[in-house]
Amino acid sequence: MPRILPLFTKALTDSWRSTVAWALGLTAACMLYLPLYPSIGGSAQMQDLINALPAEMTKALNYDQIASGPGYTQATMFGLIGFLLMSMASIGWGAAAVGGDEESGLLELTLAHSVTRVQVVLERALAILVRIVFLSILVFLMVLGLNRPAQLGIDVGHLAGAVLLFAALALLSGTAALCAGAMTGRKIYAVAAGAAVAVLGYVFNAVGRQSPDVEWLLNLSPYHWAYGNSPVANGADWGAVAGLFAISAALIALGAVALRHRDVGV
């Protein structure tokens, strides 16, 4: 009998090593950064150091928030190292899902079996989502476990909302990479598209916070849509959650349509 979601299960089994590696990286980041908060994040010495830095730099790095436990977690884990690691993982998975497979010649072999092109895109997108959800739950549990020992003072509901945005932001980069790979059949273009979403989103947020004259850039930044409300401290912006997931869904649909209507391997 045919297996249920065969491409989805194969994508998960083929990538379990990378998933474990990214999980270890995120765990290490949590263990490295968050326990330091009592000694540096909330200290008067650290605040004096932050005050001595150029205001533009502190705003660009979100270091103007680190005087509180939620702000410190937002700036260091969700806004910097965690964002970097999750974006890299998601972009890599998205770029390999279609573009990488087509470049290696494996996509033509897959399509020679009883699967459709739309099925390829949808099942591999689902595999990306599941891996991102797994890593996001891991981050949630790590931060929750360190919340009391590290004196972070994070509300559990706010943390859950922040993790949901964390996942939605990573998914957006991954689906952009998947869509570009499905449209072009080239992994390099897929990586470029996913990286553009992550990098430009971060840059537009950093620049847009510098001056009212360039504040309009914030409207173009998915990073700001997710984190502009400081969700670890204030809770999730549910409009941003819906918007990010809706754009990801649209990118998946666009990728499926593009792959369905073009020649593969040309």
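Anyway, here's the lowdown on the structure attached to this text.

Cut-offs and rules
- Residues numbered from 1 in each chain as written.
- Predicted model: local features only at pLDDT ≥ 70, side-chain atom pairs only at ≥ 80, totals over all residues.
- Heavy atoms only, no water.
- Helix = DSSP H or I, 4+ residues; strand = E, 2+ residues; numbered from the N terminus.
- Buried < 20%, exposed > 50% of the residue type's maximum accessible area, 1.4 Å probe, protein only.
- Contact = heavy atoms within 4.5 Å.
- 1 Å grid on protein atoms, 1.4 Å probe; cavity = no way out; pocket = protein on both sides within 12 Å on 5 of 7 lines; lining within 4 Å.
- Points joined across faces, edges and corners; volume = space filled by probe spheres on them.
- Nonpolar A, V, L, I, M, F, W, Y, C, P; charged D, E, K, R; others polar.
- Axes fitted to C-alpha atoms, helices over the stretch in contact; angles between N-to-C directions.
- Parallel < 35°, antiparallel > 145°, perpendicular 65-115°, else oblique.
- Left-handed = near helix turned anticlockwise from the far one by under 90°.
- Polar contact = N/O pair within 3.5 Å; in protein donor to acceptor, adjacent residues only side chain to side chain.

**Some remarks on the environment of G255**
Within the secondary structure, G255 is located in helix α13 (residues 238-260). Assessed through its relative accessible area of 0%, G255 is described here as buried. Taking the C-alpha atoms as reference points, G255 and L126, separated by 129 residues in sequence, lie 13 Å from one another. Aside from chain neighbours lying at most four places away, what touches G255 is V121, C179 and A182.

**Points about the layout of surface pockets**
Estimated volume of the largest pocket: approximately 620 Å³. Taken together, 23 residues form the lining of the largest pocket, with K10, A11, D14, D101 and R124 sitting closest to its centre. Elements supplying a minimum of two residues to the lining of the largest pocket: α1 (6-14), α6 (69-104), α7 (106-111) and α8 (117-147). Of the residues that constitute the lining of the largest pocket, the class distribution is ten nonpolar, seven polar and six charged. Taken as a whole, the second largest pocket spans an internal volume of roughly 150 Å³. Taken together, L80, I81, F83, L84, S87, M88, I91, A195, A198, V199 and Y202 make up the lining of the second largest pocket. Breaking the lining of the second largest pocket down by element, the ones donating at least two residues are α6 and α10 (187-208).

**Remarks on the packing of α1 against α8**
At a minimum axis distance of 8 Å, the contact between α1 and α8 shows a crossing angle of 40°. The orientation of α1 relative to α8 falls into the category oblique. Crossing geometry of α1 relative to α8 is assigned as right-handed. Note on element contacts: α8 touches α1 through Q119, V120, E123, L126, A127, V130 and R131, opposite P6, L7, F8, A11 and L12.

**Let's talk about the environment of R260**
Inspection of the secondary structure assignment puts R260 in helix α13. Relative accessible area serves as the criterion here: at 56%, R260 is assigned to the exposed category. In this structure, the C-alpha to C-alpha distance between R260 and A196, residues 64 residues apart in sequence, is 25 Å. What R260 contacts, discounting residues up to four positions off in sequence, is R117 and V118.

**Things to note about the side chain of R262**
Residue position: R262 is located in the segment after α13. From its side chain, R262 meets the backbone oxygen of M183 in a polar contact 3.3 Å long. Discounting chain neighbours no more than four positions away, the residues touching R262 are E102, R117, G181, A182, M183, T184 and G185.

**Focus on unusual backbone geometry**
Phi angles above zero are rare outside glycine, and Q151 is one such case at about 60°. Note that Q151 resides in the loop between α8 and α9 (156-184). Of note, the phi angle at S230 is positive, near 50°, even though the residue is not glycine. Here S230 shows up in the loop between α11 (222-227) and α12 (231-234).

Note that every value here comes from positions in space, so none of it alone points to a role or purpose.
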